[in-house]
Amino acid sequence: MEEKEAAKRLRELRGEIRKHDRLYYEEAAPVINDREYDRLYRELVDLEKQFPDLVTPDSPTQRVGGKPLEAFAQIQHRVPMLSLDNTYSEGEVANFYKRITRLLPNEKIPVVIEPKVDGVAVSLLYENGRLRHAATRGDGFVGDDITQNIKTIRSIPERLRGAAPKLFEARGEVYMDKHGFEKLNEERRKAGLPLFANTRNAAAGSLKHLDPSIVAKRPLGIVFYGTGGTEGVDVDLHSEIFGLFKKVGLPTSERWWLAKSVDEILNAIHELDRLRHNFVYQTDGAVVKVDSFQQREGLGFTAKSPRWAIAYKYAAERVETRLNDIIIQVGRTGILTPVAVLEPVLVSGSTVGRATLHNEDEIKRKDIRIGDTVVIEKAGEVIPAVIEVVKSKRPRGATPFNFSKHVHGKCPVCGEPIRRDPQFVAWRCENLHCPAQTTRRVEFFAARGALDIEAVGGIVADKLVERGLVREPLDLFELKVEQLAKLNLGTEEAPRVFGEKNATKAIHAIDRARTLPLSRWLFALAIPDVGKTTATQLARFHDDIEDVAHSQLLRDVLNYREKREQKQNATEIADRLIQAGFAKRSKSKAEKDGIVTEVGPVVAESVLNFFASMTGKKILRRLKELGIQPKSEKVSMKKAAELPLAGKTFVLTGTLPSITREEATEKIEALGGHVSSSVSKKTDYVLAGTDPGSKFDKAKQLSVRIIDEAEFRKLLAR
Ligand code: IVH
């Protein structure tokens, strides 16, 4: 083929493919099937290979282009990307409307109600109709440059259709569609990779990937819902932008409503709630926005969000499904937990097939029987729970579930005897070598927040234990690439090996864990009663693991309690603990002359017992043999009190723009502050991101200072 002829054919092909992309993605009305589409696409690829000089940057083939990045560049938004005030209460929506009518007296104020898409906010800049770049929200002012990744989303055009405005900053939400999410998680489950908790996490995780060729495989879409900076765009009403988006070829909301009163707003919110389950993307609320841009200007902004909009979030989703079975799972501490096996249903963006039943008493109290129709609830990241039984749908002959009879005094996994643990109202398998316990411990050991070895998730841990390659978590450090590569994650009939590449990655991750700080290690060892916060506290007051194992401080905590209980003089111990910074004088009257220690006697006893046990001793020995010496984050007492955030308590809520909650926690703790999980009068700061939860409202109620990430950074810098 001559170059001229090729150029012509290339133009045709590109035009065709764009047309079919549009029909498929925007109009949901494809006129050719996937095979035919692939043929066109193949022809384009081949022809471009023959004539590389004729490849244009906006060719459909360039979507999946680009090399993996080292890191994202930063992009400044032309107009800041703000977030919205959230509420779960219809009353507050009504107040919102009343407030704006007060602020703009004697004016009619039409508002638009549209779906709140549960994804990741992005901003795309089109210059003269061509996509220049795309960015995440970041801190609202500056975001990550995710242009390469955005280009892999087929429903996003590289060029706007029709007469293009000079400048068009389009704002929208990237989502992973519900169906694609299910499929992706299924694939990840098969590959033994950790699952995404919900569609939003999956979308965020995808967009943050540095390798666009991976992003290209993720089923992402976008809904545009607003504009940033624009030039040459002539609209006065928000309700006009839906038509505008459509005209230029940008996907936008499937449904929206115009309302002029509180009643109309609430009606729209209710109707959307009925419709939204059929949308391809996950929604978690309705956004109510003043329609007129002029009125918006009159209303202005508060520190964080516009006064002209509010987000109403729907309550946690509840659905009915059948409870097919009750099975017993053995946790990492040997506790037997009954789990409901459900007829799989989609709730809040993920398929739920299991729900925890907590314990024997819970089953009795709710009278849950196999075959029952049950109501389950799931909100965001929370583990799904069985709320109640729909008694009217109970099949005849359903008998109450008898836990004790079911387990017959034996662990369902290893068959060893079980004992009822009075402290936990639960049955417990006391065989430390029970494979179920080992697997859970390995999983926990490798989990995020512990040693963070992503490759060792559910199935991999399962198989490693099953094949006898790992008998306890520390065995991971003696695994060889060859062993791991051969690991069969499938069954004997349908084998599926882990593979050399995955194995090498996994061994690297395991190796990296050697150098993690003491707090992570203390947490990873799954010492009873030692959570993340306690692990951090312990790490700050001890030199290394051996020091924790034989801690004089912890022994003092126990001695102190004993002396107090026996009404003996404990002043000497108290002084010692205070001097070490491990305790403070109690202000409570009941505890006259008492002290409050950094960790309580229950924890102290648990930690000392753990390291004195056979298991604990063995761990200490193995760590030495493996040459693993986690370093402590100990700070000298004097220094601790001088740290900038000493004595300050923080509570975190919502998603922060550019750091994870773990990172924020680490920063706070490194500067002497403390992170608590609930808001009280004693809280100094609530660090709130987007979509904050009830903690935000509580903070408002108690007038606790609420800060955003920008203020937090200032605090750190000080
Ligand atoms: S408008 C200044 N409309 O929800 C207001 N946001 O906190 C800009 N979102 O950050 C946002 N669907 O990521 C708007 N239809 C919609 C939305 C929407 C989802 C997200 C967006 C924003 C957050 C609100």
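It should be noted that the structure appears before, not after, this text.
What counts as what
- Residues numbered from 1 in each chain as written.
- Predicted model: local features only at pLDDT ≥ 70, side-chain atom pairs only at ≥ 80, totals over all residues.
- Heavy atoms only, no water.
- Helix = DSSP H or I, 4+ residues; strand = E, 2+ residues; numbered from the N terminus.
- Rg over C-alpha atoms; globule rule 2.2 N^0.38 Å.
- Buried < 20%, exposed > 50% of the residue type's maximum accessible area, 1.4 Å probe, protein only.
- Contact = heavy atoms within 4.5 Å.
- Areas by Shrake-Rupley, 256 points an atom, 1.4 Å probe, with all protein chains shown as cover.
- Lys, Arg positive; Asp, Glu negative; His and termini not counted.
- Charge placed at Lys NZ, Arg CZ, Asp CG, Glu CD.
- Pairing = 2+ DSSP bridges.
- Axes fitted to C-alpha atoms, helices over the stretch in contact; angles between N-to-C directions.
- Near = heavy atom within 4 Å.
- Polar contact = N/O pair within 3.5 Å; in protein donor to acceptor, adjacent residues only side chain to side chain.
- Nonpolar A, V, L, I, M, F, W, Y, C, P; charged D, E, K, R; others polar.
- Patch = residues over 30% accessible without salt bridge, like charges linked within 9 Å, V, L, I, M, F, W, Y side chains within 5 Å.
- Salt bridge = Lys/Arg side-chain N within 4 Å of Asp/Glu carboxyl O.
- Core = buried A, V, L, I, M, F, W, Y, C linked by side-chain atoms within 4.5 Å.
- Right-handed = clockwise from strand over helix to strand, strands pointing away.
- Expected span 1.5 Å × (residues − 1).
- Arc of directions from axis to C-beta.

1. Description of the overall build of the protein chain
Here is step 1 of the chain: Within the protein chain one finds 27 helices and 24 strands.
Here is step 2 of the chain: On C-alpha atoms alone, the protein chain measures out to a radius of gyration of 29 Å, which is about the 27 Å that the 2.2 N^0.38 rule sets for 718 residues.
Here is step 3 of the chain: Looking at the protein chain residue by residue over its 718 residues, the buried ones come to 48%.
Here is step 4 of the chain: Expressed as a percentage of contacts within the protein chain between residues at least 6 apart in sequence, the contacts between residues at least 24 apart total 68%.
Here is step 5 of the chain: Accessible surface, the protein chain: about 36800 Å² in total, of which carbon and sulfur atoms supply 50%.
Here is step 6 of the chain: Positive and negative charge centroids in the protein chain, built from 115 and 102 side chains respectively, lie 3 Å apart.

2. Points about the sheet that holds strand β4 (residues 120–127)
Here is step 1 of the chain: Strand order in this open sheet of 4 strands is β5-β4-β7-β8, and the pairing throughout is antiparallel. The open sheet has two free edges, formed respectively by β5 (130–136) and β8 (220–231), since each of these has just one partner strand. On average, each strand axis in the sheet is inclined to that of its neighbour by 25°, with strand direction left out of account.
Here is step 2 of the chain: Note: β4 against strand β7 (residues 167–176), 8 bridges, orientation antiparallel. Each residue of the ladder has a partner; that of Ala-121, found in β7, is Glu-173.

3. Let's talk about the site of the ligand
Here is step 1 of the chain: Taken together, 13 residues surround the ligand, and among them Leu-84, Glu-114, Val-117, Glu-173 and Lys-289 come closest.
Here is step 2 of the chain: Between the ligand and Val-117, the relevant distance is 3.0 Å, taken from a nitrogen atom to a main-chain nitrogen or oxygen of the residue.
Here is step 3 of the chain: Within the side chain of Lys-289, one N or O atom sits 3.0 Å away from a nitrogen atom of the ligand.
Here is step 4 of the chain: Sorting the residues of the shell around the ligand by element identifies β3 (111–117) and β10 (283–290) as the ones contributing at least two each.
Here is step 5 of the chain: Here the shell around the ligand takes 4 residues from β3, the largest share from any one element.
Here is step 6 of the chain: Taken together, the residues of the shell around the ligand sort by class into 8 nonpolar, 1 polar and 4 charged.

4. Things to note about a positive patch on the surface
Here is step 1 of the chain: A surface patch of like charges, here positive, comprises Arg-99, Arg-102, Arg-307 and Lys-700.
Here is step 2 of the chain: Along the chain, the position of Arg-307 falls in the loop between α10 (293–299) and β11 (309–313).
Here is step 3 of the chain: Among the residues examined, Arg-307 registers a relative accessible area of 34% and is labelled partly exposed.

5. Quick word on the sheet that holds strand β2 (residues 86–87)
Here is step 1 of the chain: Strand order in the open sheet formed by 5 strands is β2-β11-β10-β3-β9, with mixed pairing between adjacent strands. On the outer flanks of this sheet lie β2 and β9 (257–259), each paired with one strand and no other.
Here is step 2 of the chain: In the sheet, β2 pairs with β11 via 2 bridges, with the strands oriented parallel. Its bridge partner lying in β11, Asn-86 is registered against Ala-311.
Here is step 3 of the chain: Sheet contacts for helix α3 (residues 90–103): β2, β3, β10 and β11; angle to β11, the most-contacted strand, approximately 170°.

6. As for the nonpolar core
Here is step 1 of the chain: By size, the foremost hydrophobic cluster in this structure holds 71 residues, and its most contacted members are Leu-476, Phe-477 and Phe-611.
Here is step 2 of the chain: Excluding residues within four positions of it along the chain, Leu-476 makes contact with Val-442, Phe-445, Ile-453, Val-456, Leu-464, Val-470 and Ile-510.
Here is step 3 of the chain: Core analysis: the second largest hydrophobic core is formed by 32 residues, Ile-150, Ala-170, Val-174 and Phe-196 among them.

7. Side note on the environment of Gly-140
Here is step 1 of the chain: Mapped onto the elements of the fold, Gly-140 is located in the loop between β5 and β6 (142–144).
Here is step 2 of the chain: The class for Gly-140 is buried, based on a relative accessible area of 3%.
Here is step 3 of the chain: Separated by 347 residues in sequence, Gly-140 and Leu-487 have C-alpha atoms that sit 45 Å apart.
Here is step 4 of the chain: In this view, Gly-140 contacts His-77, Pro-80 and Met-81; residues no more than four positions away in its chain are not counted.

8. Some points on the environment of His-508
Here is step 1 of the chain: Turning to its location among the elements, His-508 is positioned in helix α16 (residues 500–513).
Here is step 2 of the chain: The spacing of His-508 and Asn-149 is 359 residues in sequence and 26 Å in space, taken between C-alpha atoms.

9. Side note on the pairing of strand β23 (residues 685–688)
Here is step 1 of the chain: A two-sided burial pattern is seen for β23, the buried positions comprising Tyr-685 and Leu-687 on one face and Val-686 and Ala-688 on the other.
Here is step 2 of the chain: This β-α-β element, β23 to helix α26 (residues 694–701) to strand β24 (residues 705–707), shows right-handed connectivity.

10. Re the pattern of salt bridges
Pairing is possible between side chains of opposite charge, provided their charged atoms come close.
Here is step 1 of the chain: A complete count under the given rule lists 42 salt bridges for this structure.
Here is step 2 of the chain: Note that Lys-366 and Glu-362 form a salt bridge whose closest N and O atoms lie 2.7 Å from each other. Highlighted residues: Lys-366 and Glu-362, both in helix α11 (residues 360–366), separated by 4 residues, approximately one helical turn. Neither residue differs from the other here; Lys-366 and Glu-362 are each classed as buried.
Here is step 3 of the chain: Among the salt bridges present, the one from Glu-666 reaches Arg-520, with a minimum N-O distance of 4.0 Å. Residue Glu-666 is located in helix α25 (residues 661–670), and its partner Arg-520 is located in helix α17 (residues 518–524); the two are separated by 146 residues in the primary sequence.
Here is step 4 of the chain: Overall, Glu-666 belongs to the partly exposed group, its relative accessible area being 45%.
Here is step 5 of the chain: For Arg-520, a relative accessible area of 16% gives the class buried.

11. Some remarks on the pairing of β11
Here is step 1 of the chain: Of all 5 residues making up β11, 5 are buried, and the element is well covered by its neighbours.
Here is step 2 of the chain: Every second residue of β11 is oriented toward a common face, with Ala-309, Ala-311 and Lys-313 on one face and Ile-310 and Tyr-312 on the other, all of them buried.
Here is step 3 of the chain: Alignment of β10 against β11, held across 5 bridges, turns out to be antiparallel. Paired with Gly-285 across the two strands is Lys-313, which belongs to β11.

12. Considering α3
What sets the pattern is the α-helix's 3.6 residues per turn: residues three or four places apart point alike.
Here is step 1 of the chain: Compared with the 20 Å implied by 1.5 Å per residue over 14 residues, the 20 Å span of α3 between its first and last C-alpha is a close match.
Here is step 2 of the chain: Every buried residue belonging to α3 is among Val-93, Ala-94, Phe-96, Tyr-97 and Ile-100, and all of these are buried. Along the axis of α3, the buried positions cluster into a sector of 150°, meaning they face one direction only.
Here is step 3 of the chain: Elements in contact with the buried residues of α3: β2, β3, α9 (262–275), β10, α10 and β11.
Here is step 4 of the chain: Of the residues flanking the start of α3, the one acting as N-cap is Ser-89, its side-chain oxygen 3.2 Å from the backbone nitrogen of Gly-91.

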